Amino acid sequence: MPLKKIVIVGPESTGKSSLCEALAAHYQTDWVPEYAREYLSLHGMDYRFEDLMVIARGQIELEERCTAAAVAAGRELLFIDTDMYVMKVWSEFVFGRCNPWILGQIVERQYDAYLLCRTDLPWGVDPLREYPDLASRDRLFHIYRDCLINQSTPWAEVGGQGKERIAAGVAAVERLLQ
């Protein structure tokens with residue numbers, strides 16, 4: 001059976017990484033972490049437009065390595081925390097523009113489903129996060145929602161707290177991959 005790739009997207013502090021980790025544990029498979037966290041931890045939060053290209057390429061390289069490992073291990077699912085839609089939204093939100101290479105990757109890369117995390121979790125303080133206000137996070141949520149509405153890969157919203165959110169993620173995966 002070919003590997004199915006499910007991407008989790010959404011604004012900051014919406015539980016993307018936790019949901020990826022929980023879904024991977026539930027399905028006994030692997031997940032791809034967000035490369036931006038590693039990059040910003042090393043280089044700091046004073047990033048420039050050009051840094052987003054480095055982060056985008058790093059995310060794709062990490063995804064490719066994890067995909068190869070999942071295929072070699074005979075996995076059926078791979079959960080991915082962040083893709084080029086996240087890079088597009090981030091770039092346009094902060095800098096008002098996006099590198100055409102990122103836009104090209106959105107068109108080229110194929111996924112089986114998307115999960116969009118709602119902003120119904122409380123803000124989690126983290127030095128790598130920029131938008132603690134709910135208004136910005138809600139605005140970003142709607143930008144992500146518009147991106148997903150305007151593409152052809154199946155997707156679902158995921159909300160709730162704790163185990164309820166994980167159960168909603170599992171139900172969405174089951175529904176989307178039928």
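Definitions and cut-offs
- Residues numbered from 1 in each chain as written.
- Predicted model: local features only at pLDDT ≥ 70, side-chain atom pairs only at ≥ 80, totals over all residues.
- Heavy atoms only, no water.
- Helix = DSSP H or I, 4+ residues; strand = E, 2+ residues; numbered from the N terminus.
- Rg over C-alpha atoms; globule rule 2.2 N^0.38 Å.
- Contact = heavy atoms within 4.5 Å.
- Lys, Arg positive; Asp, Glu negative; His and termini not counted.
- Charge placed at Lys NZ, Arg CZ, Asp CG, Glu CD.
- Salt bridge = Lys/Arg side-chain N within 4 Å of Asp/Glu carboxyl O.
- Polar contact = N/O pair within 3.5 Å; in protein donor to acceptor, adjacent residues only side chain to side chain.
- Axes fitted to C-alpha atoms, helices over the stretch in contact; angles between N-to-C directions.
- Parallel < 35°, antiparallel > 145°, perpendicular 65-115°, else oblique.
- Nonpolar A, V, L, I, M, F, W, Y, C, P; charged D, E, K, R; others polar.

## What about the overall build of the chain?
Scanning the chain from terminus to terminus reveals seven helices and five strands. The C-alpha radius of gyration computed for the chain amounts to 15 Å, which stays within 12% of the reference 16 Å derived for 178 residues, consistent with globular compactness. The C-alpha extent of the chain, read off along each of the three principal axes, is 40 × 30 × 30 Å. Partitioning the contacts of the chain with sequence separation of at least 6, the portion at a separation of at least 24 is 78%. Taking the average location of the 19 positive side-chain charges in the chain and that of its 26 negative ones, the two points are 2 Å from each other.

## A closer look at the pattern of salt bridges
Within this structure, the stated rule accounts for nine salt bridges. Residue Lys-5 pairs with Glu-63 through a salt bridge whose shortest N-O separation is 3.0 Å. Of this pair, Lys-5 sits in strand 1 (residues 4-9) while Glu-63 sits in helix 3 (residues 49-72); the two residues are 58 residues apart in sequence, bridging distant segments of the chain. Note that Arg-145 is salt-bridged to Glu-157, the shortest N-O span being 2.7 Å. Taken together, the residues Arg-145 in helix 6 (residues 134-149) and Glu-157 in strand 5 (residues 155-158) connect sequence positions twelve residues apart. Taken together, the shared-partner salt bridges in this structure form one network comprising Lys-5, Glu-63, Glu-64 and Arg-109.

## Description of the side chain of Arg-165
As for its placement among the helices and strands, Arg-165 is situated in helix 7 (residues 162-176). For Arg-165, the side chain forms a polar contact with the main-chain oxygen of Gly-160, separated by 2.7 Å. In this view, Arg-165 contacts Thr-14, Leu-19, Cys-117, Arg-118, Asp-120, Leu-121, Val-158, Gly-159 and Gly-160; residues no more than four positions away in its chain are not counted.

## A short note on the packing of helix 3 against helix 4 (residues 84-95)
Any two packed helices are characterised by the angle at which their axes cross and by the distance between the axes. For the pair helix 3 and helix 4, the least separation of the axes is 10 Å and the interaxial angle reads 170°. As summarised for this structure, helix 3 and helix 4 are arranged roughly antiparallel, according to the angle between their axes. Contacts between helix 3 and helix 4 involve Phe-49, Leu-52, Ile-55, Ala-56, Gln-59 and Ile-60 on the former and, on the latter, Met-84, Met-87, Trp-90, Ser-91 and Phe-95. When the residues that make up the contact of helix 3 with helix 4 are grouped by side-chain class, the tally is nine nonpolar, two polar and no charged.

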